[in-house]
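# Descriptive analysis of the structure
As a plain string of letters, each chain reads:
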Amino acid sequence: MNIMMLLEMAVAGYGDRVAFVDAEAQQSITYQGLFDAAQNAASDLRTSQASRFAILDVSNLAVPIGLFASSWAGMPYVPISYRLTDDEIDGLVERVRPAYLVTDEDHIEHFHTDSIVRWHSRNEFLTLARNGSANGAEPWSMDGDDTAALLFTSGTTGVPKAAVLRQKHLVSYILGSVDFMSADTSETALICVPPYHVAGIAAVLSSVYSGRRAVQLANFTPEAWIELARAEEVTTAFVVPTMLRRIVEALEHEHHAQMPHLQSLSYGGGKMPLPVIERAMALFPDTDFTNAYGLTETSSTITVLGPDAHRGAAASEDRAGRRRLASVGVPLPGIEIEIRDDEGRVLGPREHGEIYVRGEQVSGEYEGIGKLTDDEGWFPTRDGGFLDNEGYLFLEGRADDVIVRGGENMSPGEIEDVMMTHDAVSDVAIVGVPDEEWGEAVVGVVVLKHDATVESLQQWVRDRMRSSRVPEWLEFWDELPYNETGKLLRREVRARLTESTSGNG
Amino acid sequence: MGSLTPGTRLKSAVCTTEIMVITAPPEDIEITCGGEPMSRGADADGPSVHRDHAEGSVIGKRYTNEDGSLEVLCVKAGEGSLWAGGAAMKIKDATKLPKTD
């Protein structure tokens, strides 16, 4: 198996369709053009003596070309975050030597490391790929065990690990979740997640296999996203929760989003606050919403809460029905989910534990560490959660985020959910900080929409939850620290609040 | 034909059809297209498509045998129909999934 086979099929099915459009550079490429460019670039990769293809850049045409070219050449594709510091980037490049590197014009001057055996600026790379004539290049390998991509996990809790995604994982994900040529010629996707996020790879592959035209947005701002969605008559898009919150806030003064073409809007990559999705559904009444939950290690999406479930939950009269909207849905075909306790015992419905997943698309492997799946192929996600009686999965934050107060385990997410329903709260993070009496104390940070007192917020929680959940104290910040793909940096919140405690004496 | 494993690519001997194996049974099973055995080898140069094996193959469709132990993906369309173990393979219904990315 090889993702190149997916592109080859696309060429046979709809080679003259436009595949990708770089909105900023106003460049586009057809499926046939993409195939030819991948072939030319693969020839250059093969002569480079490199063993990895690294790309340090925003979303543009070099991204899909590089992804397919590296699979053609049998070289792992390694997208690197341009948001990192120079030292962090050097550290990652060092780990993928000898590397072939494509980067933007700003970064090209920076690299003088011997980890890189050949480098090109984005434009040089595009020129050699699009103007080359490497017809009849050696075919790609069909060995599904070849490494397709190395993705550095976001490292919100430590040194980034390099997740290994093999060809069979990516191909299985696409075959299991996308119908070939299911898009008609009017379908346009908007890709706004960065290339180094697993959702960025999934977006490229899904778009190719379904035959959509994908418009790339290099730098996300809510205004740019809204403008592009309208101008390009975008029909489908994926956003992370913080992006959706910012889009909703930017549209708030309008009563309707005015995007009549937007048929589907999916979201994932972090916890979606209930008020945000409810406001979004009100703003986009005719749009299908889908919640997709997945991890880098599982080749992206493993469960989905589809449009019908969204509408059903939103229309539901009772609290339990509306609660469904907070679910990440049911497993994709071919994916199995189990909830297990600390001793590894499988738990029943409504019992809280750690989420385990199994399926063809699940890698669970890190470079230099190995495969973390057990003998039967189950991967421990480190995400906490439970299944309801109908098999809908609910997330409760990272297992590492659980607060243990006086021997009682609690997930920050449940407290955050309650606080988000207070009309003065725009965003909130609850963490545990060291406490002499309780082991950990429940504290938090709130971003306010309008004035409110700490006491009123504490009372809000006290009226709705057990008293142990009431934050002992709260700080008001202008914004919470997120990484660029929407993951709350709890480590940073905890560090700053721990500093506050010691400062307070 | 040799043992089939996921990822094995096979070509028709009588038309343009090409398939990739997605799941394979442990035992040997013969896959034919247009009435002639498929192979890993070169392009079609065999006899023509047999009359009762001429319903064609459709690109992007997944085909399974009776008991579901064999599943293949058609990666290139052709005029011959796909059979396995002496029976016609059936197109597997695509599960309608919402767009997730």
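Going by the structure above, here's the rest.
Predicted model, so just to flag it, every value in this text is computed and none were measured.

### Description of the interface of chain B and chain A
Listed by partner, the interface residues are 17 residues for chain B and 31 residues for chain A. Those elements that provide at least two residues to the side of chain B that touches chain A are β2 (18-23) and β6 (71-76) of chain B. Within the side of chain B that touches chain A, the residues separate by chemical class into nine nonpolar, four polar and four charged.

### Observations regarding the environment of Thr236 of chain A
Along the polypeptide, Thr236 of chain A turns up in strand β11 (residues 236-239). We classify Thr236 of chain A as buried; it has 28 C-beta atoms within 10 Å. Filtering out sequence-adjacent residues up to four positions away, Thr236 of chain A remains in contact with Glu187, Ala189, Gln263 and Ser264 of chain A together with Lys99 of chain B.

### Observations regarding the sheet that holds strand β7 (residues 82-84) of chain B
Residues and elements named next belong to chain B. If you trace the four strands from one edge of the open sheet to the other, you get β4-β3-β7-β8, paired in antiparallel fashion. Here the strands that pair on one side only, and so sit at the sheet edges, are β4 (36-37) and β8 (87-88). In terms of strand pairing, strand β3 (residues 31-33) meets β4 through two bridges, oriented antiparallel. Looking at the pairing, Cys33 lines up with Glu36 of β4.

### Re unusual backbone geometry
Residue and element names in this part refer to chain A. Cis geometry marks the peptide bond from Arg97 to Pro98, where omega comes out at -10°. For Glu233, which is not a glycine, the phi torsion comes out positive at approximately 50°. The residue Glu233 is located in the loop between α9 (222-231) and β11 in this model. Overall, the presence of 14 C-beta atoms within 10 Å leaves Glu233 in the partly exposed class. The phi angle at Gln258 is positive, at roughly 55°, despite the residue not being glycine. Within the secondary structure layout, Gln258 lies in the loop between α10 (241-251) and β12 (264-267).

About the thresholds
- Residues numbered from 1 in each chain as written.
- Chains lettered and ligands numbered in written order.
- Predicted model: local features only at pLDDT ≥ 70, side-chain atom pairs only at ≥ 80, totals over all residues.
- Contact = placed C-beta atoms within 7 Å.
- Helix = DSSP H or I, 4+ residues; strand = E, 2+ residues; numbered from the N terminus.
- Nonpolar A, V, L, I, M, F, W, Y, C, P; charged D, E, K, R; others polar.
- Buried ≥ 20, exposed ≤ 12 C-beta atoms within 10 Å, placed from the backbone.
- Pairing = 2+ DSSP bridges.

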